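As a plain string of letters, each chain reads:
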Amino acid sequence: GSANNLSEKSESFLSSFTNGSQYQAELEELKKENAQLKNELTDFEETKQQLAELQQFMGIKEENETHTYSEPCTIIGYVANDPFHGFIINKGSDDGISLHDPVITGEGIVGIISTISSNSATVETILSPDLSIGAISANNKNTGIAEGEIALASQYKCRMIYLEKDSDLQKGDLITTSSASGLFPKGYLIGTVESVEIMESGLSKYAVIVPAVDFESMTSVAAIIDYPGKGETHEQD
């Protein structure tokens, strides 16, 4: 009797072990399928984002028929240790892009081409204090200069300086390019006023600007390679 009991226990153990191995194999298979589905979902979300960007870009193109744009450029990397979030695109001079060309998305302005090779280029963003852009409020009442500032850049914001002391600029006001600097053609959206502050000198005001472009999520941009008045007031280095 005891021999039979032992035999039954052995069979039961082997059966459990076999089932356990089978469950483990099935679990591993499910994990693989889950990982694959997650990858496919990520790819789908990226494609959706790129399509949304392309649609917005086509809208900008239709609005500005006198402007010539590059093909959409993919962001392929970021400038190391750059607090102003500069990045590298996969198109360059072979694609008709030149140094200092403005860079945009369908949402608004991004920056300018700061270095270039035949098939890639680096973009300096509007978050950089080295970039000064003529800016104006949407109601044409307030003018100034949009530029970066290191403390604001860490929050993906910039500012509009040289506002008159009696400026009536308010939170929520839209700020666009005024073409005063020649770096950008007129009428491209820079961003929205978050707050208006007094400069340290006390002689003028500045506005904190939340850019229209979401620097953390954008995947593609375009350069404006030609527009009426391009470079007329832009001093080359």
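Reading the values: rules and limits
- Residues numbered from 1 in each chain as written.
- Predicted model: local features only at pLDDT ≥ 70, side-chain atom pairs only at ≥ 80, totals over all residues.
- Heavy atoms only, no water.
- Helix = DSSP H or I, 4+ residues; strand = E, 2+ residues; numbered from the N terminus.
- Contact = heavy atoms within 4.5 Å.
- Areas by Shrake-Rupley, 256 points an atom, 1.4 Å probe, with all protein chains shown as cover.
- Phe/Tyr/Trp six-rings, centres within 6.5 Å; stacked < 30°, edge-to-face > 60°.
- Lys NZ or Arg CZ within 6 Å of the ring centre and 35° of its normal.
- Salt bridge = Lys/Arg side-chain N within 4 Å of Asp/Glu carboxyl O.
- Buried < 20%, exposed > 50% of the residue type's maximum accessible area, 1.4 Å probe, protein only.
- Pairing = 2+ DSSP bridges.
- Axes fitted to C-alpha atoms, helices over the stretch in contact; angles between N-to-C directions.

Participant: Looking at this structure, how should I read the overall build of the protein?
Facilitator: Helix and strand counts for the protein stand at two helices and 13 strands. Long-range pairs, those at least 24 residues apart, make up 56% of the contacts in the protein with a sequence separation of at least 6. About 13,700 Å² of surface is accessible on the protein, with carbon and sulfur atoms providing 50% of the total.

Participant: Please clarify how the packing of aromatic side chains should be interpreted in this entry.
Facilitator: Centre distance and the angle of the planes are the two values used to describe a pair of aromatic rings. Taken as a whole, this structure holds one aromatic pair when the rule is applied. Above the ring of Tyr206, the side-chain terminus of Arg159 is found at 5.5 Å from the ring centroid.

Participant: Sorry if this is basic, but what is going on with the pattern of salt bridges here?
Facilitator: A pair can form between side chains of opposite charge whenever their charged atoms are brought close. By the definition in use, this model includes four salt bridges. Between Lys230 and Asp101 there is a salt bridge; the shortest N-O distance is 2.6 Å. Of this pair, Lys230 sits in the segment after strand 13 (220-226) while Asp101 is found in the loop between strand 3 (87-89) and strand 4 (102-104), placing the two residues 129 residues apart along the sequence. Judged by its relative accessible area of 32%, Lys230 falls in the partly exposed class. A relative accessible area of 0% means that Asp101 is categorised as buried. Across the salt bridge formed by Glu147 and Arg159, the nearest N and O atoms sit 3.2 Å from each other.

Participant: Where do I start with the pairing of strand 6 (residues 121-125) in this structure?
Facilitator: Residues in a regular strand project their side chains so that they alternate between the two faces of the sheet. Counting buried positions along strand 6 gives four out of five residues, so the element sits mostly inside the fold. As paired strands, strand 3 and strand 6 are joined by three bridges and run antiparallel to one another. Paired with Ile88 across the two strands is Thr122, which belongs to strand 6. Taken together, the five bridges between strand 5 (residues 109-116) and strand 6 define a ladder with antiparallel strand orientation. Counterpart to Ile112 in the pairing with strand 6 is Glu124. Linking strand 5 to strand 6, which pair antiparallel, is a turn of four residues.

Participant: What exactly am I supposed to notice about the sheet that holds strand 12 (residues 205-211) here?
Facilitator: Hydrogen bonds along the backbone pair up the strands of a sheet, which may run parallel or antiparallel. Taken together, six strands build a closed barrel; the order of strands is 7-8-9-12-11-10 and the barrel is antiparallel. Taken pair by pair, the neighbouring strands of this sheet meet at an average axis angle of 40°, ignoring direction. Bridge count for strand 8 (residues 143-147) against strand 9 (residues 158-163) is three bridges, and the pairing is antiparallel. Across the sheet, residue Ile145 finds its bridge partner in strand 9, namely Ile161.

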